[in-house]
Amino acid sequence: MRRIVILGGGTGGTLIANRLRRLLGPRAAEIVVVDADDEHVYQPGLLFVPFGLTDPAGLTRPRHRQLRPGIAFRRAAVDRVDLEQDAVWLADGTSLGYDVLVIATGARLIPEETEGLAGPGWMDKVFTFYSLDGAVALRSALSRFDGGRLVVGVADMPIKCPVAPLEFSFLADWYFRQRKIRDRVELTFVTPLDGAFTKPVASRELSGLLNDKGVDLVTEFNTGEVDGQAGRLISYDGREVGFDLAVMVPLHGGQAYVDRSPGLGDELGFIPTDERTLQSKARPNVFVIGDAAGIPASKAGSVAHFEGEILARNISRYLAGEPLDAAFDGHTNCFIETGFGKALLIDFNYGTEPVTGRFPGRLGLPLLRQSRLNHAGKLAFGWLYWHVLLPGREIPAVRSPMPTAGKHSPASSGQGGSPPQTRKAR
Amino acid sequence: MPTTTYTGTEVTVNDEGFFTDPSQWREDMAPQIAHGEGIELTDRHWQVIKFMRHEYEAKGTGPTVRVLGKTSGVTVKELYQLFPKGPAKTAAKIAGIPKPRGCI
């Protein structure tokens, strides 16, 4: 019997394991999921922890319990992948051969790659909410914060859920208003990008929203050093932003085993992958899902979900010796929490930037506009995650190809998403 | 599409001055493009420019500052000394390759 080994039991690994188990007969393939621990964290919930809006204990469930019967769970760290031998070497010295390998080990936070970030002041004045420990520590730091300069900073792209630091800024504004000390808090958002977000239309909307909420925006700031003791971020080009409390999104990379596996990953440890078929460029029998993939799509759970539908089909086709379906369109869908019980929704793919309109059709949720409906959608997503997304089921009316029915299309949106020209220089 | 002239040859560029057709670029254009950015090219600049061309030909897009720092043999700190207004963008412009795709 053939064996499919899936590295990583997070969002992508779990949902592809479950989809494959349903799609392939029990005698068609053995499926093994490998992960170093048995704690599956609901990452979208981390954003709410620092503000006391979510109980951190409720965010974690056992990984193996999210897998269908007939899927083996192997608890072990990965030492390296041997592409020549079609085998994964585990940290306990044993190896696991595969016919098909799926890499779903996501992205890793690397605070130590930024000078000073993990040094003095780390977890004291400098925090991240991108880990469960960090989010919990930040919750108590925020509750003690009575005023001063709060900086939300992104070290460099790519990061998981690129809207999360913006959401954190919006929620911080709400949080300090609730505590009636907003006038004593200076909020600043620091980004290496040239605007609030990567895509032009959404970037304009979100910059406007930061402005409405009194959050200063510092752009094209590549953080070279974090001086936790003096309380300042220093950019590579010598600019400084002072802080009393810094909330940083550290640099991201792939998992360390990727660097120990010759021919598998790129400079940052992500896996070069065909953006349409999700087959790795390293070997035909190696596929990639979720944040581990080096494709021009957001590192977000919705992407892994939309990839799942295509990837399960492609692995099945590969096993049957059929050509792969180049069907993944880069579909991404994100709720952006804006505070005060409201949220925005953005929906985009490789070729179409986020625009206004409604999703998934003309009567759907409003896009790029604050609404209570979207906030309800964001909250409902927690349930959908455990009960629909991870089991690998379809969300009704939301399939892998990006819908266009309810969308307003700006004249110049399209390939590459260059900003619409509002004015020509004379 | 706007055009501009370097060392007597007309080339097509985008609104921000990035080459849209990297095959129109020649090495002898680089000093003039660099001059427009306030940079006088040294051997260290050339190391980065040649690396940018090589990466573009291999991957179809210019590397980010972080990748440059890891792979070009020039640290991020020095990259900023060489190209103070942003190494990835400025070096791409001088190397005659399109503006690096932003990450998403």
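All values reported here derive from a predicted model rather than from experimental measurement. (Residues numbered from 1 in each chain as written. Chains lettered and ligands numbered in written order. Predicted model: local features only at pLDDT ≥ 70, side-chain atom pairs only at ≥ 80, totals over all residues. Heavy atoms only, no water.)

A.B. asks: Can you explain helix α1 (residues 11-23) of chain A? Please cite residues and give values.
C.D. replies: For α1 of chain A, with 13 residues, the first-to-last C-alpha span of 18 Å sits near the 18 Å given by 1.5 Å per residue. Counting buried positions over the 13 residues of α1 of chain A gives 11, a clear majority of the element. (Helix = DSSP H or I, 4+ residues; strand = E, 2+ residues; numbered from the N terminus. Expected span 1.5 Å × (residues − 1). Buried < 20%, exposed > 50% of the residue type's maximum accessible area, 1.4 Å probe, protein only.)

A.B. asks: For unusual backbone geometry, give the residues involved together with the corresponding values.
C.D. replies: All names here are of chain A. A cis amide bond links M157 with the next residue in sequence, P158, at an omega value of 0°. Mapped onto the secondary structure, P158 falls in the loop between β12 (148-154) and α3 (164-178). Omega for the bond connecting F359 with P360 falls within 30 degrees of zero, at 0°, which places this linkage in the cis form. Tracing the chain through its elements places P360 in the loop between β25 (357-359) and β26 (365-367). One non-glycine residue with positive phi stands out, namely F340, at about 55°. By the secondary structure assignment, F340 is in the loop between β23 (332-339) and β24 (342-348). Accessibility expressed as a relative area gives 37% for F340, which makes it partly exposed.

A.B. asks: Tell me what's going on with the environment of F243 of chain A, and back it up with residues and numbers.
C.D. replies: Residue and element names in this part refer to chain A. As for its position among the elements, F243 is in the loop between β17 (240-242) and β18 (245-249). F243 gets classed as buried once you look at its relative accessible area, which sits at 1%. Other than its neighbours up to four places away in sequence, F243 contacts K125, V126, R149, V151, V226, D227, G228, G231, R232 and L233. (Contact = heavy atoms within 4.5 Å.)

A.B. asks: Can you explain the environment of G301 of chain A? Please cite residues and give values.
C.D. replies: Residue and element names in this part refer to chain A. Following the sequence through the fold, G301 ends up in helix α6 (residues 301-319). The partly exposed category is assigned to G301, whose relative accessible area is 32%. Measuring from C-alpha to C-alpha, the distance between G301 and F168 comes to 18 Å, with 133 residues separating the pair along the chain. Non-local contacts of G301, meaning those with residues more than four positions away in its chain, are made with T11 and L389.

A.B. asks: Tell me about the sheet that holds strand β13 (residues 185-190) of chain A, residues and numbers included.
C.D. replies: Residue and element names in this part refer to chain A. In spatial order, the strands read β11-β18-β12-β13-β14; together these five strands make up an open sheet with parallel pairing. Bordering the open sheet on either side are β11 (126-127) and β14 (215-218), each of which pairs with just one other strand. Two elements, β12 and β18, share five bridges in a ladder whose sense is parallel. Bridged to G153 within β18 is M248. In the packing of α3 onto the sheet, contacts are made with β12, β13, β14 and β18, and the angle to β13 comes to roughly 175°. (Pairing = 2+ DSSP bridges. Axes fitted to C-alpha atoms, helices over the stretch in contact; angles between N-to-C directions.)

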